[in-house]
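# Chains, contacts and geometry: an overview
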Amino acid sequence: LKAAAGAVANALALVRKDPECVKVVVRCRPMSRKEREDNRERIVDIDKNTGQVTLRNPEGDQNEPPKGFTFDMAFDWESGQDEVFRATAQPIIDSVLQGYNGTIFAY
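Here's a quick rundown of the structure. (Residues numbered from 1 in each chain as written. Predicted model: local features only at pLDDT ≥ 70, side-chain atom pairs only at ≥ 80, totals over all residues. Heavy atoms only, no water.)

Before going further, it helps to examine the overall build of the protein. Scanning the protein for helices and strands turns up three helices and five strands. Reading the secondary structure of the protein in the N-to-C direction produces α-β-α-β-β-β-β-α. Counting across all 107 residues of the protein, residues that qualify as buried make up 21%. Long-range contacts, defined here as pairs at least 24 residues apart, represent 48% of the contacts in the protein between residues at least 6 apart. For the protein, the computed accessible surface area is about 8,300 Å², with 52% contributed by carbon and sulfur atoms. (Helix = DSSP H or I, 4+ residues; strand = E, 2+ residues; numbered from the N terminus. Buried < 20%, exposed > 50% of the residue type's maximum accessible area, 1.4 Å probe, protein only. Contact = heavy atoms within 4.5 Å. Areas by Shrake-Rupley, 256 points an atom, 1.4 Å probe, with all protein chains shown as cover.)

Next up, the structure:
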């Protein structure tokens, strides 16, 4: 819970620093029951503090380096909806209620 609170605080600091720019945020979902039953392995690593996402090719050569991506914020499979909302959407909603334009695009 402390890690989640720290991630939200870092995310809010980022949003407050430059609330006018476009932010790209990613959230990795937890494995489904079917994926767990099939003994699938997680190939994604997320560093919530830096926004780094690393993907490993499970069928690749062991010498193949993982592919890394950097986002404004990254949330892992343990992040709850409330944590993601407070860090990403809440600041935009607050700005809209103060009369500013705001857009949230989620896919």
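Counted as a void, the second largest pocket has a volume near 320 Å³. Forming the walls of the second largest pocket are Arg27, Cys28, Arg29, Pro30, Met31, Glu35, Arg40, Glu41, Arg42, Ile43, Val44 and Trp77. Per-class residue counts for the lining of the second largest pocket are six nonpolar, no polar and six charged. (1 Å grid on protein atoms, 1.4 Å probe; cavity = no way out; pocket = protein on both sides within 12 Å on 5 of 7 lines; lining within 4 Å. Points joined across faces, edges and corners; volume = space filled by probe spheres on them. Nonpolar A, V, L, I, M, F, W, Y, C, P; charged D, E, K, R; others polar.)

With that settled, consider unusual backbone geometry. You will see that Asn39, though not glycine, has its phi angle at about 55 degrees, which is positive. Positionally, Asn39 belongs in the loop between α2 (33–37) and β2 (44–47).

So, about helix α3 (residues 81–97). Along α3, the sharpest change in direction is near 45 degrees and occurs at Ala89; proline Pro91 comes one to four residues later. For α3, the set of buried residues is Glu83, Val84, Ala87, Ala89 and Pro91. Positive phi appears at Gly99, one or two residues downstream of α3, with a value of about 100 degrees. (Bend = angle between axes of the 7 residues up to and from the residue.)

According to the stated counting rule, one finds eight salt bridges in the structure shown. Its salt-bridge partner being Glu37, residue Arg33 comes within 3.3 Å of it at the nearest N-O pair. Of the two residues, Arg33 and Glu37 both sit in helix α2, four residues apart, roughly one turn of that helix. Judged by relative accessible area, Glu37 falls into the partly exposed class, the value being 49%. Asp82 is the salt-bridge partner of Arg86, the closest N and O atoms lying 2.8 Å from each other. Remark: Asp82 and Arg86 occur in helix α3; sequence separation between them is four residues, near one turn of the helix. The partly exposed category is assigned to Arg86, whose relative accessible area is 38%. In this structure Asp82 comes out as partly exposed when scored by relative accessible area, which is 48%. In the salt-bridge network here, residues are joined through shared partners; they are Lys34, Asp38 and Arg40. (Salt bridge = Lys/Arg side-chain N within 4 Å of Asp/Glu carboxyl O.)

Geometric descriptors of this kind do not, in isolation, establish any biological role.
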